[in-house]
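# Structural features, examined
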Amino acid sequence: MRVYLFIAAIAGGATWLVMPMVRHLAIRVGAVGVVRARDVHKVPTPRMGGLGMLIGFAVAMCFASRIPFITGLFQSGHQAWVILAGAVAICLLGIADDLWDLDWMLKLAGQLLISVFVSWGGIQIISLPLGSLVAASPSLSMAITAFLIVASINAVNFVDGLDGLAAGIVAIGGIAFAIYSYIIARISPDYASLATLMDVAMVGICVGFLLHNWHPAKLFMGDSGSMLLGYLITCASIVVTGRLDPATIHASIYLPAFMPILLPILVLFLPVLDMCLAIVRRLSHGQSPMHPDRMHLHHRMLRIGHTVRSAVLILWGWAALIAFGSLLILFFPLRYVLIGLALAAILLTFATLYPYYRRRLPEIRRENALLATQSSQHAARPHWHRKSRHDKDEDDIHSTK
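Note that the structure is a prediction, hence the values are computed from the model and not measured.

## Quick notes on the overall build of the protein chain
A count of helical and extended segments in the protein chain gives 15 helices and four strands. Split into buried and exposed, the 401 residues of the protein chain put 48% on the buried side. Excluding contacts between residues fewer than 6 apart, the proportion of contacts in the protein chain whose partners are at least 24 apart in sequence is 75%. On the protein chain, roughly 20100 Å² of surface is accessible, and the fraction owed to carbon and sulfur atoms is 69%.

Next up, the structure:
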């Protein structure tokens with residue numbers, strides 16, 4: 001475990017150190033995010049932070065390849081280097097988008113090409129836990145793997161709308177998945193795990209980046225960063241879940257191992273949910289799935305009264321609830337876990353809706369008071385009219401006499 005913590009520290013330290021240089025480079029080459037109508041920030045801010053994250057990840061992987069405990073992962077196969085090559089390619093695609101705002105079709109084609117390359121290099125879903133273990137054909141494995149990588153890449157890209165949001169959610173998911181993969185790796189003679197290595201390095205680069213990206217952010221990760229994080233967390237999950245065999249794991253961890261068929265959906269539940277809602281919303285309005293708008297989850301949080309920081313922290317809380325929920329089943333009975341998750345969900349729901357009700361309740365009271373005043377005036381008005389008409393009739397009678 002100490003080795004993994006060291007790798008995380010290396011990744012975080014390297015990312016934190018290179019970010020000022022990346023920021024300067026982004027300004028020099030013009031990778032500065034202009035303020036658009038849908039944006040939350042008010043000042044043009046450099047992006048392309050994904051380059052610094054890639055450097056931090058590459059440094060951590062190079063250090064890891066020289067550590068005796070982990071070096072066997074690099075010598076026994078080429079998976080680690082294939083993943084690193086794919087990370088470089090996906091980051092370069094993101095940098096191109098940060099610089100020139102690529103058409104979404106071109107960007108999607110690049111993502112698919114890189115995903116197929118990585119799958120061809122050995123990062124594949126070999127088996128599917130559909131009741132019993134079902135072996136997938138090579139072509140089906142490549143197709144499923146490419147779909148997962150592209151979906152996760154775009155999910156993280158969709159949720160990257162507030163300072164620190166995407167990096168924090170991915171870091172939380174990475175911590176949860178690192179624990180999961182570490183537990184799974186303990187059943188083997190060698191505790192070394194490529195998935196755990198990737199997860200801790202990814203968590204490190206997220207933390208190093210967050211030190212520059214916390215509101216108000218000095219630097220945005222841009223598409224180069226969001227696509228890189230989505231790619232890394234999916235590759236790590238495929239490495240550990242794509243080759244699990246129920247015969248080789250203990251029955252006590254069978255359920256959490258196969259309960260999520262697609263673990264990236266659990267780890268990245270909020271980004272995936274936001275992406276699905278956005279696609280359905282845009283298609284229902286006859287728009288492109290990539291058409292920008294201000295209806296993402298984080299935009300809704302700001303609309304009901306949250307500040308940027310409170311919205312980010314609460315969304316982190318929801319991400320942690322979902323990501324760590326499946327892990328708790330490893331250590332506690334299911335019913336106790338469900339009770340704890342329900343209580344945590346109630347607290348998070350209260351925190352999520354509190355600004356809305358704090359602002360809305362006084363408005364409701366004022367509206368009720370206004371309605372009560374109008375009702376009382378309406379009830380008194382006919383009586384006044386009747387009395388004045390009677391007095392007028394008496395005056396007419398007296399004047400006639």
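Having seen the structure, we can now continue with the description.
## Some details on helix 7 (residues 165-185)
Between the first and last C-alpha of helix 7 there are 30 Å, a value that for 21 residues agrees with the 30 Å anticipated at 1.5 Å per step. Taking burial as the measure, the 21 residues of helix 7 include 18 buried ones, the bulk of the element.

## A few points about the pattern of salt bridges
When their charged atoms lie close together, side chains carrying opposite charge are able to pair. According to the stated counting rule, one finds three salt bridges in the structure shown. Where Asp97 meets Lys107, a salt bridge forms, and the shortest distance between an N and an O atom there is 3.4 Å. Residue Asp97 is found in helix 4 (residues 79-100), and its partner Lys107 is found in helix 5 (residues 104-120); the two are separated by ten residues along the sequence. Considered together, Asp97 and Lys107 belong to a single accessibility category, that of buried residues. For Lys107, the salt bridge goes to Asp223, with nearest N and O atoms at 2.7 Å. Within this pair, whereas Lys107 is found in helix 5, its partner Asp223 is found in helix 9 (residues 222-241), the two being separated by 116 residues in sequence. The exposure classification of Lys107 matches that of Asp223, with both residues buried. What you see here is one network of salt bridges that share partners, running through Asp97, Lys107 and Asp223.

## Observations concerning the environment of Val170
Within the element layout of this structure, Val170 appears in helix 7. Judged by relative accessible area, which is 1%, Val170 ranks as buried. For Val170 and Met202, which are 32 residues apart along the polypeptide, the C-alpha to C-alpha distance reads 8.3 Å.

## A few points about the packing of helix 6 (residues 138-159) against helix 12 (residues 269-284)
Two elements in contact, helix 6 and helix 12, have axes separated by 8 Å at closest approach and are oriented at 85°. Taken together, the axis directions place helix 6 and helix 12 in an arrangement best described as roughly perpendicular. Residues Ala151, Asn154, Ala155, Val156, Phe158 and Val159 of helix 6 touch helix 12, and the partners they reach there are Pro271, Val272, Asp274, Met275, Ala278 and Arg282. Class assignment for the residues of the contact of helix 6 with helix 12 results in nine nonpolar, one polar and two charged.

## Observations regarding the nonpolar core
With 90 residues, the main nonpolar core has Ile7, Ile83, Leu197, Leu229, Tyr231 and Leu232 as its most contacted residues. Here the element with the most residues in this core is helix 7; it accounts for 13 residues. Not counting the four nearest positions on each side in its chain, Ile83 is found in contact with Ile123, Leu194, Met198, Tyr231, Leu232, Cys235 and Val239. Core analysis: the next-biggest nonpolar cluster, separate from the first, contains five residues, Ala155, Phe158, Val272 and Ala278 among them.

## With respect to the packing of aromatic side chains
All told, the structure shown has seven aromatic pairs when counted by the stated rule. Seen in terms of ring centroids, Phe6 and Phe63 are 6.5 Å apart; in terms of plane orientation they differ by 75°. Their pairing is edge-to-face. Of this pair, Phe6 sits in helix 1 (residues 2-29) while Phe63 sits in helix 2 (residues 50-64), and the two are 57 residues apart along the sequence. Using a relative accessible area of 39% as the deciding quantity, one classes Phe6 as partly exposed.

## Details of the side chain of Thr196
Assignment of secondary structure puts Thr196 in helix 8 (residues 194-213). The exposure class assigned to Thr196 is buried, which follows from its relative accessible area of 2%. Polar side-chain contacts of Thr196 include one of 3.1 Å to the side chain of Ser193. Every residue in contact with Thr196, bar those within four places of it in the chain, is listed here: Tyr4, Ala178, Ser181 and Tyr182.

## Some points on the confidence of the model for the protein chain
Looking at the protein chain, pLDDT values average 80 and 79% of them are 70 or higher. Predicted confidence for residues 249-262 stays below pLDDT 50, and this span has 24 contacts to residues more than four positions away or in other chains.

## Thoughts on helix 3 (residues 68-75)
Those residues of helix 3 lying buried are Ile70, Thr71, Leu73 and Phe74. Across the axial projection of helix 3, the buried residues extend over an arc of 150°, all falling on one side. In helix 3, the exposed residues that point more than 90 degrees away from the buried face are Pro68 and Gln75. In this fold, the buried residues of helix 3 make contact with helix 1, helix 2, helix 4 and helix 8.

## Topic: unusual backbone geometry
His215 connects to Pro216 through a cis peptide bond whose omega is -5°. Turning to its location among the elements, Pro216 is positioned in the loop between helix 8 and helix 9. The backbone of Met48 shows a phi angle near 80°, a positive value even though the residue is not glycine. When you line up the elements, Met48 lands in the loop between strand 2 (45-46) and helix 2.

## Concerning the side chain of Thr234
Within the secondary structure, Thr234 sits in helix 9. Of the polar contacts made by the side chain of Thr234, one reaches the backbone oxygen of Gly230; its length is 2.7 Å.

## Topic: the packing of helix 2 against helix 4
Between helix 2 and helix 4, whose axes approach to 10 Å, the crossing angle comes to 170°. Taken together, the axes of helix 2 and helix 4 lie roughly antiparallel to each other. Along the contact surface, helix 2 presents Gly50, Leu51, Leu54, Phe57, Ala58 and Met61, while helix 4 presents Ala80, Leu84, Ala87, Val88, Cys91 and Ile95. Broken down by class, the residue content of the contact of helix 2 with helix 4 amounts to eleven nonpolar, one polar and no charged.

Scoring rules and cut-offs
- Residues numbered from 1 in each chain as written.
- Predicted model: local features only at pLDDT ≥ 70, side-chain atom pairs only at ≥ 80, totals over all residues.
- Heavy atoms only, no water.
- Helix = DSSP H or I, 4+ residues; strand = E, 2+ residues; numbered from the N terminus.
- Buried < 20%, exposed > 50% of the residue type's maximum accessible area, 1.4 Å probe, protein only.
- Contact = heavy atoms within 4.5 Å.
- Areas by Shrake-Rupley, 256 points an atom, 1.4 Å probe, with all protein chains shown as cover.
- Expected span 1.5 Å × (residues − 1).
- Salt bridge = Lys/Arg side-chain N within 4 Å of Asp/Glu carboxyl O.
- Axes fitted to C-alpha atoms, helices over the stretch in contact; angles between N-to-C directions.
- Parallel < 35°, antiparallel > 145°, perpendicular 65-115°, else oblique.
- Nonpolar A, V, L, I, M, F, W, Y, C, P; charged D, E, K, R; others polar.
- Core = buried A, V, L, I, M, F, W, Y, C linked by side-chain atoms within 4.5 Å.
- Phe/Tyr/Trp six-rings, centres within 6.5 Å; stacked < 30°, edge-to-face > 60°.
- Polar contact = N/O pair within 3.5 Å; in protein donor to acceptor, adjacent residues only side chain to side chain.
- pLDDT = per-residue confidence, 0-100.
- Arc of directions from axis to C-beta.

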